[in-house]
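Okay, here's what each chain looks like letter by letter:
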Amino acid sequence: MKVAFWSNVRGKSCVTSNLACISILSSMFSEEMDHRSIVFENHQNFINLGNLLFSHNSENFLREESVYRVNRGMSQVLRAVEEGQVYSGDIIFQNARECLGDRLLYLPNPPGLNSEVLEYQMDRNCHKVLGYLERFGHRVFVDTTAAPVRSSRKILQEADLIVVNLVQNETMLDQFFRNYRAIREKAFYLIGNYDENSVLTRDYIGKTYGISERQIGLIPRHTAFLDAVSSGEIVPFLERGMRGEHDPFCQEFFDCLRETVDLFEESLEAFSCREIYA
């Protein structure tokens, strides 16, 4: 299945960290032995998925970064699709960085790749790329830019589920629910950096905009989680937390994450069934 993470707000909705968190946990919790998820971005960003998934202090991180600067990652996949090469999982595995073994694969955009060139390639080959990746991954997660570009619109159209990343800001909430009816038809909502003391609670948002609370997941504001995101330690942080290796005061945070992943999986299954019987 193809899952697009998107927001109508730039830079404040935690799209990248939310995607990293959900893709890691859904991969960890999957009972399928051969489960594999593939994640990538359709844009260039200084803070990207690689910064979150791989430790900044690791010698391996530094060594691998030098390799991936040589036009690998998503560039190679786009080139293979553009040239009509025979689809092979080798193209993905050779150009992806493994996370959680091969259960979660990240296809990075080379740092030197021009953003306009990337957008041109993504726009031109979006349908083929998503179909190609879906052949070799149970799930394809896309960090989709909020900028009004053609590739984002196409990805949102192609996605089986759109994770709409909301912010606790009334103006931004009103703007989304007034203007994006098509996206709402296949949306699961996620509020990152959630502040339980805000008047804009999950309950308030659900009642105000007519959404079931089971369609809204939360990633609470949590200092240790933010530190893990900042240092590229999100994977070991979540692994320890889900094993119960954390301070007692963190239990509520990890319980909330587990609930959110369960709600996400529930929405995925519902939309999958809708497609089958459509």
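We now turn to the structure provided with this report. Bear in mind the structure is a predicted one, so any value in this text is a computation, not a measurement. (Residues numbered from 1 in each chain as written. Predicted model: local features only at pLDDT ≥ 70, side-chain atom pairs only at ≥ 80, totals over all residues. Heavy atoms only, no water.)

### A word on the sheet that holds strand β2 (residues 37-41)
So, point 1. Across the sheet, 8 strands lie side by side as β3-β4-β2-β5-β1-β6-β7-β8; this open sheet has mixed pairing. Strands with a single pairing partner mark the edges of an open sheet, and in this sheet they are β3 (97-99) and β8 (216-220). Looking at each pair of strands side by side, their axes are set apart by 25° on average, direction ignored.
So, point 2. Pairing between strand β1 (residues 2-6) and strand β5 (residues 139-143): 4 bridges, direction parallel. Counted as the bridge partner of valine 3 is phenylalanine 141 from β5.
So, point 3. In this fold helix α8 (residues 170-179) packs onto β1, β6 (161-166) and β7 (187-194), with an angle of close to 155° to the strand it touches most, β6. (Pairing = 2+ DSSP bridges. Helix = DSSP H or I, 4+ residues; strand = E, 2+ residues; numbered from the N terminus. Axes fitted to C-alpha atoms, helices over the stretch in contact; angles between N-to-C directions. Contact = heavy atoms within 4.5 Å.)

### Focus on the pattern of salt bridges
So, point 1. Under the criterion given, the structure shown has 13 salt bridges.
So, point 2. With a closest N to O distance of 2.6 Å, glutamate 265 and arginine 139 form a salt bridge. One end of the pair, glutamate 265, is in helix α13 (residues 251-277); the other, arginine 139, is in strand β5, and 126 residues separate them in sequence.
So, point 3. Residue glutamate 265 is classed as partly exposed on the basis of its relative accessible area of 24%.
So, point 4. Residue arginine 258 pairs with aspartate 262 through a salt bridge whose shortest N-O separation is 3.6 Å. Here arginine 258 pairs with aspartate 262, and both are found in helix α13, just 4 residues apart, close to one helical turn.
So, point 5. Given the relative accessible area of 37%, arginine 258 is considered partly exposed. (Salt bridge = Lys/Arg side-chain N within 4 Å of Asp/Glu carboxyl O. Buried < 20%, exposed > 50% of the residue type's maximum accessible area, 1.4 Å probe, protein only.)

### What to know about the packing of aromatic side chains
So, point 1. Counting across every chain of the model gives 17 aromatic pairs.
So, point 2. Between phenylalanine 177 and tyrosine 189 the ring centres are 5.7 Å apart and the planes differ by 40°, which places this aromatic pair in the tilted class. Residue phenylalanine 177 is located in helix α8, and its partner tyrosine 189 is located in strand β7; the two are separated by 12 residues in the primary sequence.
So, point 3. Looking at phenylalanine 177, the relative accessible area reads 11%, which means it is buried.
So, point 4. An angle of 80° between the planes, with centres 5.2 Å apart, marks the rings of phenylalanine 253 and phenylalanine 254 as edge-to-face. The pair formed by phenylalanine 253 and phenylalanine 254 is uniform in burial state, with each residue classed as buried.
So, point 5. Ring-pair connections join several aromatic residues into one group, and the members of that group are Trp6, Phe176, Phe177, Tyr180, Tyr189 and Tyr209.
So, point 6. Over the ring of phenylalanine 54 we find arginine 97; its NZ or CZ atom is 3.9 Å from the centre of that ring.
So, point 7. The residue whose ring lies beneath arginine 258 is phenylalanine 29, and the NZ or CZ to ring-centre distance is 3.8 Å. (Phe/Tyr/Trp six-rings, centres within 6.5 Å; stacked < 30°, edge-to-face > 60°. Lys NZ or Arg CZ within 6 Å of the ring centre and 35° of its normal.)

### Considering the nonpolar core
So, point 1. Counting residues in each nonpolar core, the largest one holds 46 residues, and the members touching the most others are Phe40, Met74, Leu133, Val164, Leu166 and Tyr189.
So, point 2. Tallying contributions element by element places helix α6 (residues 115-136) first for this core, with 8 residues.
So, point 3. In contact with leucine 133, not counting residues within four places along its chain, are Ile38, Phe40, Met74, Val77, Ile92, Leu107 and Val140. (Core = buried A, V, L, I, M, F, W, Y, C linked by side-chain atoms within 4.5 Å.)

### Details of the environment of leucine 226
So, point 1. Looking at the secondary structure, you find leucine 226 in helix α11 (residues 223-231).
So, point 2. A relative accessible area of 41% means that leucine 226 is categorised as partly exposed.

### Section: the packing of α8 against helix α10 (residues 202-209)
So, point 1. Running from N to C, α8 and α10 point in directions that differ by 35°, and their axes come no closer than 12 Å. As α8 runs across α10, the sense of the crossing is right-handed. Side by side, α8 and α10 meet where Glu170, Leu173, Asp174 and Phe177 of the first sit next to Tyr204, Ile205 and Tyr209 of the second.
So, point 2. Of the residues in the contact of α8 with α10, the class split is 5 nonpolar, no polar and 2 charged. (Left-handed = near helix turned anticlockwise from the far one by under 90°. Nonpolar A, V, L, I, M, F, W, Y, C, P; charged D, E, K, R; others polar.)

### Some points on helix α4 (residues 74-82)
So, point 1. Regarding α4, the residues found buried are Met74, Ser75, Val77, Leu78, Ala80 and Val81.
So, point 2. Just downstream of α4 lies glycine 84, where phi reads positive at about 70°.

### Let's talk about α6
So, point 1. The end-to-end C-alpha separation of α6 is 26 Å, well short of the 32 Å expected for 22 residues at 1.5 Å each.
So, point 2. The sharpest bend along α6 reaches about 75° and sits at asparagine 125.
So, point 3. What α6 keeps buried is the set Leu118, Glu119, Met122, Asp123, Asn125, Cys126, Val129, Leu130, Tyr132, Leu133 and Phe136.
So, point 4. Among the residues of α6, the N-terminal cap falls to asparagine 114, whose side-chain oxygen and the backbone nitrogen of glutamate 116 are separated by 2.7 Å. (Expected span 1.5 Å × (residues − 1). Bend = angle between axes of the 7 residues up to and from the residue. Polar contact = N/O pair within 3.5 Å; in protein donor to acceptor, adjacent residues only side chain to side chain.)

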